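The chain contents come next:
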Amino acid sequence: WPKDVGILELEVYFPAQYVDQTDLEKYNNVEAGKYTVGLGQTQMGFCSVQEDINSLCLTVVQRLMERTQLPWDSVGRLEVGTETIIDKSKAVKTVLMELFQDSGNTDIEGIDTTNACYGGTASLFNAANWMESSYWDGRYALVVCGDIAVYPNGNARPTGGAGAVAMLIGPNAPLALEQGLRGTHMENAYDFYKPNLASEYPLVDGKLSIQCYLRALDRCYASYRRKIQNQWKQDGIDRPFTLDDIQYMIFHTPFCKMVQKSLARLMLSDFLSSSNDTQNTSYKGLEAFRNLKLEETYTNKDVDKALLKASLEMFNKKTRASLYLSTHNGNMYTSSLYGCLASLLAHHSAQDLAGSRIGAFSYGSGLAASLFSFRVSQNASPGSPLEKLVSSVSDLPKRLASRKRMSPEEFTEVMNQREQFYHKANFSPPGDTNNLFPGTWYLERVDEMHRRKYARRP
Ligand code: CAA
């Protein structure tokens, strides 16, 4: 099988407009700090009616292919992960085939995968599995994930966002998926779901969703740890796996505070599995919780407080940088985790990252979750695949800073428009295409048969 299958290139797209979370706090009449400190969010990107899931994915794929200058026939598989469903039958993937038309390449496996925010990870696993199978024909795979995360007026609305990520998958990758190391947890839960086909909004049980996320994290970490320890045993290493063995840890990010608590929770897992006589000073302040069971702690504020304090240094080192895009753009559902990966790369040099292990936790409500890891290549020399990958995302902060700040009134007006046009036929979306970034695909027309036509801003 090919060696070191993983991510060779990565491209991120987010909308050109955002609303500031302090403005939103005032507008929604909530206490100052609720969104910015309580949720850890500073800005939220949003799309006008001119953008939909197809246009987001068209844009991110086109950007990736143009930047890398890869021939369109070098792609043998294209997977899409999304939960932004605008058609119950026709896949986003079929729309993306339009980009390949001139090349004549139609021999491209893969289709859409959906389960809340997990679809991108399922797509990544599908692409890697293909590459490690007898069906692989030597070409690259493209994994595309994207979503428009919108909520009705209320508590959940500030946890919206929008964006897409495209990843080029191939062998000898600077971010190689670690083989045999996936800890997965799946169960039946109604924490966040979209039964209302006439609306873009989900039904959410916010508190339950947080518990489901944390329970899935506990279970995935336990499986991952068991699997890596088994691998180690075969190599003659017999010691417990802890967070010290992961240099960077990224998470699906519904809101940033959730991630800080999640890393802290992994520390609690390590602490509770460590022996009573452990002298590890990083567990200072947790001694009182020695006899707790993990599942008794989901809503325990004392545990939360002690854990956040004990894990702060680790959070600053392993995870904080990965939250840059999430805090400035919000939840991107399937692409959230991969936006975190891009942010992590954008804030470290290739030398910093070389040889490290990046742990990744993917969560999709309903629910499906996996914890897996990337091994970063050792070669960080100028012109190496790792150095090229890192420098390709280094302009992320600059790109975010170039977006247009919109008022909460304008944001609300756009949300109302999205409601008005959702699933309508026979319309041309209102709006000025100059508000989009150059090179962005947008929805030009939905005809009377619901057929969608797209154009590209020069
Ligand atoms: N200053 C500082 N902090 C403040 C504050 C202030 N003035 N006011 C409130 N806070 C804090 C609260 O103490 C709380 O923090 P702790 O939990 O650490 O105590 C935090 O701000 C949030 O406040 P509330 O709990 O009162 O928030 P809420 O009830 O209004 O809603 C929410 C929060 C449940 C996350 C809601 O936004 C929601 O439903 N969001 C969508 C669902 C979601 O994101 N779930 C996450 C897991 S599911 C998942 O991951 C899938 C997915 O992508 C959706």
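Remember, predicted model here, so these are calculated numbers, not experimental data.

Can you lay out the pattern of salt bridges for me, pointing to particular residues and giving the numbers?
If charged atoms from side chains of opposite charge come close, those side chains can pair. Per the counting criterion, the structure on display carries 23 salt bridges. Residue D23 is joined to R405 by a salt bridge in which the shortest nitrogen-to-oxygen separation is 3.0 Å. Taken together, the residues D23 in helix α1 (residues 21-27) and R405 in strand β14 (residues 404-406) connect sequence positions 382 residues apart. Close ionic contact of R139 with D137 constitutes a salt bridge, the shortest N to O distance being 2.9 Å. Of the residues examined, D137 reaches a relative accessible area of 41% and is grouped as partly exposed.

Break down the packing of helix α7 (residues 256-273) against helix α8 (residues 301-310) for me, with residues and values.
One can describe the packing of α7 onto α8 by two numbers: an axis separation of 9 Å at closest approach and a directional angle of 85 degrees. By the criterion of interaxial angle, the relationship of α7 to α8 is roughly perpendicular. Across the interface between the two elements, K257, Q260, K261, A264, R265, M267 and L268 of α7 pack against V303, D304, L307, L308 and A310 of α8. Residues of the contact of α7 with α8, tallied by class, amount to seven nonpolar, one polar and four charged.

Tell me about the sheet that holds strand β2 (residues 17-20), and name the residues and values.
Spatially, three strands are ordered β3-β2-β14 in an open sheet, and the strand pairing comes out mixed. Here the strands that pair on one side only, and so sit at the sheet edges, are β3 (43-45) and β14. Across this sheet, the average inter-strand angle for adjacent strands is 40 degrees, counted without regard to direction.

I'd like a rundown of helix α11 (residues 336-346), residues and numbers included.
One turn of an α-helix holds 3.6 residues; hence residues three or four places apart share an orientation. Counting buried positions over the 11 residues of α11 gives 11, a clear majority of the element. Residues of α11 that are buried: S336, L337, Y338, G339, C340, L341, A342, S343, L344, L345 and A346.

Give a description of the side chain of R457 that names residues and reports values.
By the secondary structure assignment, R457 is in the segment after β16 (452-456). The buried charged residue R457 lacks any salt bridge, with D432 as its nearest oppositely charged partner at 7.5 Å. Polar side-chain contacts of R457 include one of 3.4 Å to the backbone oxygen of N434. If sequence neighbours within four positions are ignored, R457 has contacts with T433, N434, L436, F437, P438, G439, T440 and Y442.

Could you give me a rundown of the packing of aromatic side chains, with the residues and numbers involved?
Enumeration according to the criterion identifies 16 aromatic pairs in this entry. Among the aromatic residues, ring-to-ring pairing joins Y221, Y224, W232 and F241 into one connected group. If you follow R182 out to its NZ or CZ, it ends over the ring of F125, 3.8 Å from the centre. Taking the ring centre of F271 as reference, the NZ or CZ of R290 above it sits at 4.2 Å.

Any chance you could break down the site of the ligand for me, citing the residues and the numbers?
Lining the immediate surroundings of the ligand are 27 residues, of which K34, K207, S209, H252 and K261 lie closest. Within the backbone of A32, one N or O atom sits 2.9 Å away from a nitrogen atom of the ligand. In this structure, N155 approaches the ligand through a main-chain N or O atom, which is 3.0 Å from an oxygen atom. Considering the ligand on its own, with 1,100 Å² of exposed area, one finds that the protein chains cover 79% of that surface. Secondary-structure elements contributing two or more residues to the shell around the ligand are α2 (34-38) and α6 (206-234). A total of four residues in the shell around the ligand trace back to one element, the largest contributor, which is α6. In terms of residue class, the shell around the ligand is built from 13 nonpolar, nine polar and five charged.

Quick rundown of unusual backbone geometry? Include the residues and the values.
Following G366, the chain continues to L367 via a peptide bond in cis, the omega torsion being 10 degrees. Relative to the helices and strands, L367 resides in the loop between β12 (357-364) and β13 (368-376). Phi at N172 takes a positive value of approximately 50 degrees, unusual for a residue other than glycine. Inspection of the secondary structure puts N172 in the loop between β7 (161-170) and β8 (175-186). Phi at H423 is positive, roughly 65 degrees, even though this residue is not glycine. Among the secondary structure elements, H423 is positioned in the loop between α15 (408-421) and β15 (441-446).

Describe the packing of helix α3 (residues 53-68) against helix α4 (residues 92-100), naming the residues involved and giving the relevant values.
Two packed helices can be described by the angle between their axes and the distance between those axes. Between α3 and α4, the least distance of the axes is 10 Å, while the angle of their chain directions is 45 degrees. Viewed along their axes, α3 and α4 adopt a mutual orientation that is oblique. Considering the relative orientation of α3 and α4, their crossing is right-handed. Only V92, V95, L96 and L99 of α4 make contact with α3, whose side of the interface consists of I53, N54, C57, L58, V61 and Q62. Considered class by class, the residues forming the contact of α3 with α4 number eight nonpolar, two polar and no charged.

Rules used throughout
Residues numbered from 1 in each chain as written. Predicted model: local features only at pLDDT ≥ 70, side-chain atom pairs only at ≥ 80, totals over all residues. Heavy atoms only, no water. Salt bridge = Lys/Arg side-chain N within 4 Å of Asp/Glu carboxyl O. Helix = DSSP H or I, 4+ residues; strand = E, 2+ residues; numbered from the N terminus. Buried < 20%, exposed > 50% of the residue type's maximum accessible area, 1.4 Å probe, protein only. Axes fitted to C-alpha atoms, helices over the stretch in contact; angles between N-to-C directions. Parallel < 35°, antiparallel > 145°, perpendicular 65-115°, else oblique. Contact = heavy atoms within 4.5 Å. Nonpolar A, V, L, I, M, F, W, Y, C, P; charged D, E, K, R; others polar. Pairing = 2+ DSSP bridges. Lys, Arg positive; Asp, Glu negative; His and termini not counted. Polar contact = N/O pair within 3.5 Å; in protein donor to acceptor, adjacent residues only side chain to side chain. Phe/Tyr/Trp six-rings, centres within 6.5 Å; stacked < 30°, edge-to-face > 60°. Lys NZ or Arg CZ within 6 Å of the ring centre and 35° of its normal. Near = heavy atom within 4 Å. Areas by Shrake-Rupley, 256 points an atom, 1.4 Å probe, with all protein chains shown as cover. Left-handed = near helix turned anticlockwise from the far one by under 90°.

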